[in-house]
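Listed here are the chains, written in short residue letters.
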Amino acid sequence: MIEAGQPTELFIGGDWLPTERTFPVADPANGRQLCAVADAGPEHALAALDAACAAAADWAATPAARRADILRTAYEALLGRREEIARLITLEMGKPIAEARGEVDYGAGFFRWFADGAGRLHLDGGYGHEPGGQYRILTAHRPVGPSLLITPWNFPLAMGTRKIGAALAAGCTAILKPAEQTPLTALLLADVLREAGVPGGVVNVLSTTDAAGVTEPLLADPRLRKLSFTGSTRVGKLLLEKAARGVLRTSMELGGNAALLVFDDADLDTAVEGAMVAKLRNGGESCVAANRIYVQSGIRAAFTERFTERMTASVCGHGLEPGTTLGPMIDERQRTKVADLVADAVRGGARVLGEGTVPQDSEGFFYPATVLTDIPQDAALRTEEIFGPVAAIYSFDEETEALAYANDTPFGLASYVFTGDVSRAMRVAEALDTGMTGINRGVVSNPAAPFGGVKESGLGREGGGQGIEEYLETKYIGL
Ligand code: ADP
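Parameters and conventions
- Residues numbered from 1 in each chain as written.
- Predicted model: local features only at pLDDT ≥ 70, side-chain atom pairs only at ≥ 80, totals over all residues.
- Heavy atoms only, no water.
- Core = buried A, V, L, I, M, F, W, Y, C linked by side-chain atoms within 4.5 Å.
- Buried < 20%, exposed > 50% of the residue type's maximum accessible area, 1.4 Å probe, protein only.
- Helix = DSSP H or I, 4+ residues; strand = E, 2+ residues; numbered from the N terminus.
- Contact = heavy atoms within 4.5 Å.
- Phe/Tyr/Trp six-rings, centres within 6.5 Å; stacked < 30°, edge-to-face > 60°.
- Domains from an automatic or database assignment.
- Buried area = accessible area lost by both parts, 1.4 Å probe.
- Salt bridge = Lys/Arg side-chain N within 4 Å of Asp/Glu carboxyl O.

Q: Looking at this structure, I do not really get the nonpolar core. What am I missing?
A: One broad rule of soluble globular proteins: the nonpolar side chains tend to lie buried together. Of all hydrophobic cores here, the largest spans 61 residues; its most connected members are Phe 111, Ile 164 and Leu 168. Ranked by residues supplied to this core, first place goes to helix α4 (residues 97-119) with 10 residues. Look past the residues within four positions of Leu 168 in its chain and what remains in contact with it is Trp 59, Arg 67, Leu 71, Val 198, Val 202 and Val 203.

Below is the structure:
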């Protein structure tokens, strides 16, 4: 099932390191074990930090053009191995192969984007005189230092490249701790980077079942200077507290509760297509997935009918099977969570407008594409991230009402607006309290765009012009 040569050991200081303990990685579409990987403990974490620190000065002093060349080589290598990597993503994470191919392109794109960014770093310095004319003010950037990068399982490649690309371009060394469910893609990525010429110690990868035990000694060590985390708001808050002890620079991409607004004047095809992508991309297991779909009364019946037809026509199955459009949930815990949210809403009076099918007699963690409406006020589904293929449809009459609903959440990651009126589109987008808004489109992720949220959805931005700044300090020299 897994290609010969798939790395399964820890990657520390440029070497592969076996561990006494290992843990199984399973295919969520059938529960079968794919292989076993090394299970890092706190001692490996400290070895990785030693390696990252030992490599830090040389990497920071490596000419930016050389760092850019290496990232560019890694970009091309990822694309060259697109099919192999896409297959691996599907096997360990479950998404349909077409989406996994898309993730390889998207994930590789961060290396190209940050290679360009590294080449332009020198432009960001400043030279001037203080207003009184007494002396000069010179500013320059320098890397923040060894960085801990913690990634989730939903985009096993892209969440890694988004952080590693920025860190390496800025001149930082890194320790990547991938999610326990999807370590294989991260280990393969380490191999790609090694082959592309990344020196030993610049990137280290720790697969582990003990996320807290491995990260604790790193966060407590004054040599670590930066934490970049993508995951749940609950864990993000915990880690922020720990990061406060060492006053670490932090970038946090946390949970979302995205609202998708469909106005009466929207083009129906565009709105249905956009809502499908915003809901079902990655099986709904995405922090920017449309969690709440608000539809204006005039278009409600038409939208709901078409959208429900499309949702229930999803082909659920193993991601490697041709024709599959909806893979399994990542694990039993996630499937149960989604099922509980639906059961709770239905108990309170929600109506199921449609439900797709799932493979029968399968050990996979499948959950059918489901459309709900008449969601009761106290349903957990209104406030919690669903992270699954369940669409909740609400209605509204006035624009102000829609905005009030959409913003009534402690989260503020993504939002979507569908309307044919450009003035309304801009007015609503500006009033939505989220870091990102898609207008007449259900996907906003792009290496060239700043990804991130406001309120409890996080701190900082990844990608775009800002992505690299998260790994840079400003140095000022008065002369
Ligand atoms: P999810 O619930 O979607 O799995 P998490 O926030 O739990 O999201 O996981 C995101 C990442 O954070 C994963 O790499 C996971 O291993 C890691 N993680 C989870 N708990 C902790 C913790 N206490 N300390 C450090 N990392 C953690």
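Q: How do you make sense of the packing of aromatic side chains when you look at a structure like this?
A: What describes a pair of aromatic rings is the distance from one ring centre to the other and the angle between the planes of the rings. Under the defined criterion, the tally for this structure stands at eight aromatic pairs. Their ring planes at 75° and their centres at 5.3 Å tell us that Phe 263 and Phe 396 sit as a pair that is edge-to-face. With Phe 263 in the loop between β12 (258-262) and α9 (268-280) and Phe 396 in strand β16 (residues 390-396), the pair connects residues that are 133 residues apart, well separated along the chain. Just as Phe 263 is buried, Phe 396 falls in that class too. Ring geometry for Tyr 294 and Tyr 405: centres 5.5 Å apart, planes at 15°, overall stacked. In this pair, Tyr 294 is assigned in strand β13 (residues 290-296) and Tyr 405 in helix α12 (residues 399-407), connecting sequence segments 111 residues apart.

Q: Any chance you could explain the domain arrangement of the chain here in plain terms?
A: It is common to give the size of an interface as the accessible area that goes away when the parts come together. Assigned domains within the chain: domain 1 (10-254 + 457-478) and domain 2 (258-446). Computed over C-alpha atoms, the centres of domain 1 and domain 2 are 30 Å apart. Contacts between the two partners involve 26 residues from domain 1, matched on the other side by 30 residues from domain 2. Summed over both partners, the interface of domain 1 with domain 2 comes to about 2200 Å²; 60% of that surface belongs to carbon and sulfur atoms. At the boundary of domain 1 and domain 2, one finds zero salt bridges. Those elements that place two or more of their residues in the side of domain 1 that touches domain 2 are α3 (82-93) and α4. It is α3 that contributes the most residues to the side of domain 1 that touches domain 2, five residues altogether.

Q: What's the story with the pattern of salt bridges in this structure? I'm lost.
A: Summed over the entire model, instances satisfying the criterion amount to 26 salt bridges. One salt bridge in this structure joins Asp 265 and Arg 424, with 3.4 Å as the shortest N-O distance. Taken together, the residues span a long stretch of sequence, with Asp 265 in the loop between β12 and α9 and Arg 424 in helix α13 (residues 422-431) at a distance of 159 residues. Relative accessible area serves as the criterion here: at 30%, Asp 265 is assigned to the partly exposed category.

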